[in-house]
Amino acid sequence: GENVEQHPSTLSVQEGDSAVIKCTYSDSASNYFPWYKQELGKRPQLIIDIRSNVGEKKDQRIAVTLNKTAKHFSLHITETQPEDSAVYFCAALEQGAQKLVFGQGTRLTINP
Amino acid sequence: GAVVSQHPSRVICKSGTSVKIECRSLDFQATTMFWYRQFPKKSLMLMATSNEGSKATYEQGVEKDKFLINHASLTLSTLTVTSAHPEDSSFYICSARDARETQYFGPGTRLLVL
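A short tour of the structure in this document, coming up.

Thoughts on the overall build of chain B
Then, number 1: The secondary structure content of chain B amounts to 0 helices and 11 strands.
Then, number 2: Reading the helices (α) and strands (β) of chain B from amino to carboxyl end gives β-β-β-β-β-β-β-β-β-β-β.
Then, number 3: If you line up chain B on its principal axes, its C-alpha atoms span 40 × 25 × 20 Å.
Then, number 4: The long-range fraction of contacts in chain B, counting pairs at least 24 apart against all pairs at least 6 apart in sequence, stands at 53%.
Then, number 5: Surface exposure of chain B reaches about 5,700 Å², of which carbon and sulfur atoms provide 52%.
Then, number 6: Of note, chain B has its 13 positive side-chain charges centred 6 Å away from the centre of its 10 negative side-chain charges.

What to know about the overall build of chain A
Then, number 1: For chain A, the helix and strand inventory stands at 0 helices and 11 strands.
Then, number 2: Each helix and strand of chain A, ordered N terminal to C terminal, gives the series β-β-β-β-β-β-β-β-β-β-β.
Then, number 3: Relative to the globule expectation of 13 Å for 112 residues, the C-alpha radius of gyration of chain A, 13 Å, shows essentially globular dimensions.
Then, number 4: Overall size of chain A, expressed as C-alpha extent along the three principal axes, is 45 × 30 × 20 Å.
Then, number 5: Going through the 112 residues of chain A one by one, you find that 46% of them count as buried.
Then, number 6: Sequence-distant contacts in chain A: of pairs separated by 6 or more residues, those separated by 24 or more amount to 53%.
Then, number 7: Carbon together with sulfur atoms contributes 46% to the accessible area of chain A, which is approximately 5,400 Å² in total.

Let's talk about the interface of chain A and chain B
Then, number 1: The interface of chain A with chain B comprises 19 residues on the first partner and 21 residues on the second.
Then, number 2: Contact between chain A and chain B buries roughly 1,700 Å² in total, counting both sides, with carbon and sulfur atoms accounting for 47%.
Then, number 3: Our enumeration of links across chain A and chain B arrives at 2 salt bridges.
Then, number 4: Taking the shortest distance from any N to any O, the salt bridge between K99 of chain A and E59 of chain B comes out at 2.6 Å.

As for the packing of aromatic side chains
We describe a pair of aromatic rings using the distance from one ring centre to the other and the angle between the two ring planes.
Then, number 1: For the coordinates displayed, the defined rule picks out 12 aromatic pairs over all chains.
Then, number 2: Ring centres of Y25 of chain A and F73 of chain A lie 6.0 Å apart, and the angle between their planes is 55 degrees; on these two criteria the pair is classed as tilted. Of this pair, Y25 of chain A sits in strand β3 (residues 19–25) while F73 of chain A sits in strand β8 (residues 72–77); the two residues are 48 residues apart in sequence, bridging distant segments of the chain. One exposure class covers both Y25 of chain A and F73 of chain A, and it is buried.
Then, number 3: Taken together, the ring pairs connect Y36 and F102 of chain A together with F34, Y36 and F105 of chain B into an aromatic cluster.

Considerations on a nonpolar patch on the surface
Then, number 1: There is a patch of nonpolar side chains on the surface, built from I12, L112 and L114 of chain B and spanning about 310 Å² of accessible area.
Then, number 2: The exposed category is assigned to I12 of chain B, whose relative accessible area is 58%.

Topic: the sheet that holds strand β7 (residues 62–67) of chain A
Residues and elements named next belong to chain A.
Then, number 1: In spatial order, the strands read β1-β3-β8-β7-β6; together these 5 strands make up an open sheet with antiparallel pairing. Each of the sheet's edge strands pairs with one partner strand only, and the pair in question is β1 (4–7) and β6 (56–59). Geometrically, the sheet is characterised by an average inter-axis angle of 15 degrees between neighbouring strands, direction not taken into account.
Then, number 2: Pairing geometry for β3 and β8, over 6 bridges, is antiparallel. Its bridge partner being in β8, V20 is matched across the sheet by H76.

Some words on the state of the cysteines
Then, number 1: The tally for this structure, following the rule as stated, stands at 2 disulfides over all chains.
Then, number 2: With its sulfur 1.9 Å from that of its partner, C23 of chain A forms a disulfide with C90 of chain A. Across the S-S bond linking C23 of chain A and C90 of chain A, the dihedral sits near -100 degrees, which makes this disulfide left-handed. With C23 of chain A in strand β3 and C90 of chain A in strand β9 (residues 86–94), this pair connects stretches of sequence that are 67 residues apart.
Then, number 3: Here C23 of chain B is linked by a disulfide to C94 of chain B, with a sulfur-sulfur distance of 2.0 Å. Between C23 of chain B and C94 of chain B the sulfur-sulfur dihedral comes to about 80 degrees; the bridge is accordingly right-handed.

Cut-offs used in this document
- Residues numbered from 1 in each chain as written.
- Chains lettered and ligands numbered in written order.
- Predicted model: local features only at pLDDT ≥ 70, side-chain atom pairs only at ≥ 80, totals over all residues.
- Heavy atoms only, no water.
- Helix = DSSP H or I, 4+ residues; strand = E, 2+ residues; numbered from the N terminus.
- Contact = heavy atoms within 4.5 Å.
- Areas by Shrake-Rupley, 256 points an atom, 1.4 Å probe, with all protein chains shown as cover.
- Lys, Arg positive; Asp, Glu negative; His and termini not counted.
- Charge placed at Lys NZ, Arg CZ, Asp CG, Glu CD.
- Rg over C-alpha atoms; globule rule 2.2 N^0.38 Å.
- Buried < 20%, exposed > 50% of the residue type's maximum accessible area, 1.4 Å probe, protein only.
- Buried area = accessible area lost by both parts, 1.4 Å probe.
- Salt bridge = Lys/Arg side-chain N within 4 Å of Asp/Glu carboxyl O.
- Phe/Tyr/Trp six-rings, centres within 6.5 Å; stacked < 30°, edge-to-face > 60°.
- Patch = residues over 30% accessible without salt bridge, like charges linked within 9 Å, V, L, I, M, F, W, Y side chains within 5 Å.
- Pairing = 2+ DSSP bridges.
- Axes fitted to C-alpha atoms, helices over the stretch in contact; angles between N-to-C directions.
- Disulfide = S-S within 2.5 Å.

Shown next as C-alpha cells:
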C-alpha cells in the first residue's frame with residue numbers, strides 16, 4: 001500500500017519569510033495529493049490540492065509542486081503570517097483502496 | 001468548500017456504555033465517508049471507510065464489533081462505540097468525499113470515557 005513521509009516534523013520561521021514542507025510517497029499510481037491545515041482542537045481544512053496531470057498549483061500565498069518521477073510533493077507558503085501557525089498534513093490518494101494516506105504532520109510556528 | 005457536520009462535539013460517558021456519533025454532509029451527497037481517530041499531537045489514523053448501502057471496510061487492527069458503522073443515506077454516516085472503555089477516549093473525526101474525490105472533514109468529536 002501507499003506510504004507517505006513528511007518533513008520536517010516542526011518548522012519555525014520569521015513572519016514574512018517563506019515556509020516549505022516536503023512529502024514523499026511510495027505508490028507511483030497515486031494521482032491526487034491534498035494538503036490540510038489543522039489548528040489546535042479544530043478540523044483539518046483543505047488548503048490546496050494537486051492532481052498528477054499538473055506539476056504546480058498556486059492559490060495566493062500557497063503553492064504546491066509535484067514531481068511524479070521522484071514521487072515527492074511540497075507545500076510552499078510565502079509571506080508567512082501568524083495565522084499560518086498550525087499543523088499541516090500532506091496526503092496521497094491510494095488508488096486501490098481509494099483512501100487518503102496521511103503524512104505525520106508538520107507543526108509550523110510563525111514568529112512575529 | 002463543502003460542509004460536513006459532526007454531532008456531538010463532546011461527549012462524556014461511563015465505562016461500558018455505548019456512544020453514537022453522527023457525521024453529515026450538508027450540501028453534497030457522499031457515497032463514501034471515512035472515520036478517523038486522532039491522538040494528541042499525532043496524525044489522522046483511518047479506522048474505517050463507510051460506504052452508502054454496504055458494509056464498512058475496516059482498517060487492520062480496528063474491531064468492527066466495537067466500532068459499528070452505518071451509512072444509511074448519502075448524507076449520513078454514524079459511528080457507534082460499543083461498550084466504551086477509558087482507552088477509547090480520543091478525538092474522532094469523520095470526513096466525506098465528494099464527486100471529485102475531495103475529502104472534507106467534520107469538526108470532530110471528543111470522547112471521554114470515565
